[in-house]
Amino acid sequence: MRGDKKTRRDQILAAAAELFAHRGFHGVGIDEIGAAVGISGPALYRHFRSKDAMLGEMLISISRYLLDGGTTRVDEGGSPEEVLARLVRFHVDFALSQPALITVQERNLANLSEADRKEVRALQRRYVEVWVSALRAAVPDLDDARARSAAHAVFGLMNSTPHSRHLPDDELADLLTSLALGALYAAK
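This one's a predicted model, so the numbers in the text were calculated from it and none came from an experiment. (Residues numbered from 1 in each chain as written. Predicted model: local features only at pLDDT ≥ 70, side-chain atom pairs only at ≥ 80, totals over all residues. Heavy atoms only, no water.)

A. Representation of the UniProt feature "DNA-binding region" (unreviewed entry) in the chain within the structure. In the numbering used here, UniProt assigns the "DNA-binding region" (unreviewed entry) feature to residues 29-48. In this annotation, residues 29-48 is assigned 35% helix and 0% strand; the end-to-end C-alpha distance for the span is 14 Å. (UniProt positions renumbered as here; feature names shortened; annotations may be inferred. Helix = DSSP H or I, 4+ residues; strand = E, 2+ residues; numbered from the N terminus.)

Structure representation (structure tokens):
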């Protein structure tokens, strides 16, 4: 998630995300994660103190990435409609490029330590509030509760892509963007 050049930690997290998404957190051993990146399982402990710590870093990292990306899209300015469209496209692009992380998030939040779960939830709430503010600016008739509910509903739409990819990514991105924006503007 840190640009084009992946560190060894990033490689490990990406491999672990794929494995966790396909077989579940408890269905994957440390040796399998190591093998996926060409090192022994015990060598992973040079990078992470435990498999639990790996999951924590993975989910905290994607939550920070979404919050930072959403905030950046808002800070770019423009009309409320342009800001909302950028937020939608940012999240759609994330969903299409990181389906394993979405699956891991959906299935494994309960496997986090309490401290990591609280941090992930706090970051997620802040990301939702970025959307609520942008949505209320673009659709002024919405109150906070309705805007928050609409944002969560649209996240569900966009995050469903790991489960239903029937179109090429560029077509799917356009379709999801159109559907998400249509749903948000219909939330009045």
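B. Quick peek at the UniProt feature "domain: HTH tetR-type" (unreviewed entry) in the chain. Within this numbering scheme, the UniProt entry marks residues 6-66 as carrying the feature "domain: HTH tetR-type" (unreviewed entry). From the first C-alpha to the last, residues 6-66 spans 18 Å; its make-up is 64% helix and 0% strand.

C. Region of the structure containing the pattern of salt bridges. All chains considered together, the criterion is met by nine salt bridges. Across the pair D93 and R89 runs a salt bridge, and its minimum N-O distance is 3.3 Å. Taken as a pair, D93 and R89 lie in helix α4 (residues 80-97) at a separation of four residues, close to a single helical turn. The partly exposed category is assigned to D93, whose relative accessible area is 37%. Residue R89 is classed as partly exposed on the basis of its relative accessible area of 30%. Look at the salt bridges and you will find they share partners, linking R89, D93 and D174 into a network. (Salt bridge = Lys/Arg side-chain N within 4 Å of Asp/Glu carboxyl O. Buried < 20%, exposed > 50% of the residue type's maximum accessible area, 1.4 Å probe, protein only.)

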